[in-house]
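Single-letter residue listing:
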Amino acid sequence: MATTRERIEPEQRNLVEMSWDPITRIIGNLGIYTKIDFDNREVVECKATSSLFRGYSVFMKGKDPRDAGFITSRICGICGDNHTVCSVYAQNMAYGIRMTPLAEWIVNLGEAAEYIFDHIIFQDNLVFVDFCEQMVKETNPSVWAKAEKTEARNAAVHSL
């Protein structure tokens, strides 16, 4: 039996507006704006913005469309594969090309490999540095002091 959620009127909600802008680990050009109803565990509104103009269309002006994957993949330093795949899909749509299932598998396997690569680069170079001992000691000494005194949950399971 399907159930429907009871609609809660906006005036009955305790909405909290939260924003993260810029999200610096995405080259500082992403902003997320939300309205969250924590009482009902619901994100009521969420918008994303990008303030950085990459200029893909400018770079491609006057170029052979078949070169789009090679050119657009080099504009961003981390996610080049995504731009290549999007360029290929755009060309396929423009030229009326439908990939075979095997071709889709090959593209998806390439995307999966690139996904792993991107996450290693992203985590190691852009995120994990915030959690390394030296960085925390220098930038957040009070957090480091608290961390030294706080026992990790399930430490006994993972300790030597």
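Before any of the text, the structure's been laid out above.
Throughout, residues of each chain are indexed from 1 in the direction in which the sequence is written. Residues qualify for local features only when their pLDDT is at least 70, as the model is predicted, and side-chain atom pairs are given and counted only at 80 or more; totals for whole chains, interfaces and linings, by contrast, use all residues. Side-chain calculation: all heavy atoms of the structure are included, whereas hydrogens and water are not.

A. Looking closely at the overall build of the protein. In DSSP terms, a helix is any run of H or I states spanning at least four residues, a strand is any run of E spanning at least two, and both are numbered starting from the N terminus. Scanning the protein from N- to C-terminus turns up seven helices and three strands. In the protein, the succession of helices and strands from N to C terminus is β-β-β-α-α-α-α-α-α-α. Note on exposure labels: buried denotes an accessible area under 20% of the residue type's maximum, exposed denotes more than 50%, and partly exposed covers the range between, all computed with a 1.4 Å probe on protein chains only. Out of the 160 residues belonging to the protein, those deemed buried represent 16%. A contact between two residues is defined here by any heavy atoms of the two lying within 4.5 Å. Partitioning the intrachain contacts of the protein with sequence separation of at least 6 by distance along the chain shows that 26% fall at a separation of at least 24. Here the Shrake-Rupley method, with its probe set to 1.4 Å, supplies the accessible areas, and only the displayed protein chains count as covering residues. For the protein, the accessible surface area stands at approximately 12,900 Å², while carbon and sulfur atoms represent 60% of it.

B. Spatial organisation of the side chain of Gln91. Within the secondary structure, Gln91 is located in helix H3 (residues 80-95). When sequence neighbours within four positions are dropped, the list of residues in contact with Gln91 reads Pro65, Arg66, Ala68 and Gly69.

C. Representation of a nonpolar patch on the surface in the model. Every patch collects residues that have over 30% relative accessible area and no salt bridge, joining them within 9 Å if they carry like charges and within 5 Å if they are nonpolar side chains (Val, Leu, Ile, Met, Phe, Trp, Tyr). Salt bridge, as used here, is a side-chain nitrogen of Lys or Arg placed within 4 Å of a carboxyl oxygen of Asp or Glu. Judged by side-chain polarity, Leu102, Trp105, Ile106 and Leu109 come together as a nonpolar surface patch covering roughly 510 Å² of accessible area. Along the polypeptide, Ile106 turns up in helix H4 (residues 101-127).

D. Region of the structure containing the packing of H3 against H4. For the pair H3 and H4, interaxial distance at closest approach is 10 Å and the crossing angle is 160°. Considering their axes alone, H3 and H4 lie roughly antiparallel with respect to each other. As H3 packs across H4, the resulting crossing turns out to be left-handed. In this structure, H3 uses Asp81, Asn82, Val85 and Tyr89 to contact H4, whose residues at the interface are Glu104, Val107, Asn108, Glu111, Glu114 and Asp118. Ten residue types, Ala, Val, Leu, Ile, Met, Phe, Trp, Tyr, Cys and Pro, are classed as nonpolar, four, Asp, Glu, Lys and Arg, as charged, and the remainder, Gly among them, as polar. In terms of residue class, the contact of H3 with H4 is built from three nonpolar, two polar and five charged. Interaxial angle, 0 to 180 degrees, is taken between N-to-C directions of lines fitted to C-alpha atoms, where a helix line uses only the stretch in contact. In this scheme, roughly parallel covers angles under 35 degrees and roughly antiparallel covers those over 145, while 65 to 115 is roughly perpendicular and the rest are oblique. The sense of a crossing depends on the near helix, which, turned anticlockwise from the far helix by less than a right angle, makes the crossing left-handed and, turned clockwise, makes it right-handed.

E. Inspection of the sheet that holds strand S2 (residues 30-37) at higher detail. Criterion used throughout: strands pair if DSSP finds at least two bridges between them. Read across the open sheet, the three strands follow the order S1-S2-S3; overall the sheet is antiparallel. Edge positions in the sheet fall to strand S1 (15-20) and strand S3 (42-50), since each has one partner strand and no second. The mean inter-strand angle of the sheet, taken between neighbouring strand axes irrespective of direction, is 15°. Two elements, S1 and S2, share six bridges in a ladder whose sense is antiparallel. Bridge pairing in S2 places Ser19 opposite Tyr33.

F. Spotlight on the pattern of salt bridges. For the structure shown, the criterion picks out six salt bridges. The partner of Lys137 in a salt bridge is Glu133, and the shortest N-O contact between them spans 2.8 Å. One end of the pair is Lys137 and the other is Glu133, both in helix H5 (residues 133-139) and four residues apart, which spans about a single turn. A relative accessible area of 42% places Glu133 in the partly exposed class.

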